[in-house]
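Observations on chain architecture
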Amino acid sequence: MAKTKESRTRNWTCIVYPESAPEDWEEIIKSYYIECVISPLHDRDIDGNGKPKKPHYHVLLMFGSVKSYDQVLEITKKLKATIPQRCHNSKAMVRYMLHMDDADKAQYKAEDIKVINGVDISELLRPSTSERYTIIMEMMQFIRREKITEF
């Protein structure tokens, strides 16, 4: 990978397969003092041919400053994870971990997400402005339909 400014970013992602990861892979992440989000175990995903994918975790590494591919690769090698990929949007990555925006994929629960070193997962899962307006509209329709006049 070219060593350019574009190859440095704060957020990186990789995939960890439980069958090949060291038993203490989460402790390894903790030891680097990196903020990290770990998806629920993706054990119900299906590939394009309808066959089950190998169980895996999606891992989002969130650094306090930009890191190069080589710096992050050093960590992912210790985890025996896939090569790191730049993450352009951490909120979108966390939504992907749950398949929130793809009803055709297996759905995973937000409470099964693991966080390491103080990540505020509620901030990453906060509804977008349009989602908030949809929720408010649904509440207003419910109030009108049920003729609720006071709380």
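Residues numbered from 1 in each chain as written. Predicted model: local features only at pLDDT ≥ 70, side-chain atom pairs only at ≥ 80, totals over all residues. Heavy atoms only, no water.

1. A closer look at the pattern of salt bridges
Put simply, the rule is: Think of a salt bridge as a Lys or Arg side-chain nitrogen and an Asp or Glu carboxyl oxygen that are within 4 Å of each other. Only protein chains enter the accessibility calculation, which uses a 1.4 Å probe; a residue is then buried when its area is under 20% of its type maximum, exposed when over 50%, and partly exposed in between.
Considering all chains together, one arrives at six salt bridges under this definition. Ionic pairing is found between Arg-145 and Glu-146, a salt bridge with its closest N-O pair at 3.8 Å. Here Arg-145 falls in the exposed class, since its relative accessible area comes to 56%.

2. Considerations on the side chain of His-56
Let me state the cut-off plainly: Strands are runs of DSSP state E lasting at least two residues, helices are runs of H or I lasting at least four, and both sets are numbered from the N terminus onward. In the analysis that follows, any N or O atom pair within 3.5 Å is treated as a polar contact, provided that within protein one partner can donate a hydrogen and the other can accept it, and provided that, for residues neighboring in sequence, both atoms belong to side chains. Two residues form a contact once any of their heavy atoms are found within 4.5 Å.
Tracing the backbone through its elements, the reader meets His-56 in the loop between β2 (35-38) and β3 (57-68). Among the residues examined, His-56 registers a relative accessible area of 4% and is labelled buried. Here the side chain of His-56 touches His-58 through a polar contact of 3.3 Å, side chain to side chain. Filtering out sequence-adjacent residues up to four positions away, His-56 remains in contact with Ile-15, Val-16, Tyr-17, Pro-18, Pro-40, Leu-41, His-42 and Asp-45.

3. Things to note about helix α2 (residues 69-79)
Just so we agree on the cut-off: This arc is taken over the directions from the axis of the helix to the C-beta atoms.
Of all the positions in α2, only Tyr-69, Val-72, Leu-73, Ile-75, Thr-76 and Leu-79 are classed as buried. Projected down its long axis, α2 shows its buried positions confined to an angular sector of 165°, all on one face. Buried positions along α2 lie against β1 (8-16), α1 (25-31) and β3.

4. Let's talk about the packing of aromatic side chains
Quick reminder of the rule: Put simply, two rings from Phe, Tyr or Trp (the six-membered ring, in Trp's case) pair if the centres are within 6.5 Å, and we call them stacked under 30 degrees between planes, edge-to-face over 60, tilted for the rest.
Applying the stated rule across the entire model yields two aromatic pairs. With a centroid separation of 5.4 Å and 45° between ring planes, the pair formed by Trp-25 and Tyr-57 is classed as tilted. Taken together, the positions of Trp-25 in helix α1 and Tyr-57 in strand β3 put the pair 32 residues apart, joining distant regions of the chain. The same class applies to Trp-25 and to Tyr-57, which are both buried.

5. Description of the sheet that holds β1
This is how it is decided: By the convention used here, strands pair only if DSSP detects at least 2 bridges between them. Fitting a line to C-alpha atoms yields each axis, with helices limited to the stretch in contact; the angle taken between N-to-C directions then spans 0 to 180 degrees.
Spatially, five strands are ordered β4-β1-β3-β2-β5 in an open sheet, and the strand pairing comes out antiparallel. With one partner strand each, in any of the chains shown, β4 (85-86) and β5 (114-116) form the two edges of the open sheet. Here β1 pairs with β4 via two bridges, running antiparallel. Counted as the bridge partner of Trp-12 is Arg-86 from β4. Sheet strands in contact with α2 are β1 and β3, and its direction is about 140° off that of β3. Packing of helix α3 (residues 90-98) onto the sheet brings it into contact with β1, β2 and β3, and relative to β3 it is tilted by some 170°.

6. Let's talk about the pairing of β2
Taken together, the four bridges between β2 and β3 define a ladder with antiparallel strand orientation. In the strand pairing of β3, Glu-35 is matched with Met-62. Relative to β5, β2 runs antiparallel, the two being bridged by three bridges. Across the sheet, residue Ile-38 finds its bridge partner in β5, namely Lys-114.

7. Considering unusual backbone geometry
Here the phi dihedral of Tyr-33 falls at roughly 55°; this positive angle occurs in a residue that is not glycine. Within the secondary structure, Tyr-33 sits in the loop between α1 and β2. For Tyr-33, a relative accessible area of 69% gives the class exposed. Not every positive phi belongs to a glycine, and Asn-117 is a case in point at roughly 65°. In this structure Asn-117 comes out as partly exposed when scored by relative accessible area, which is 33%.

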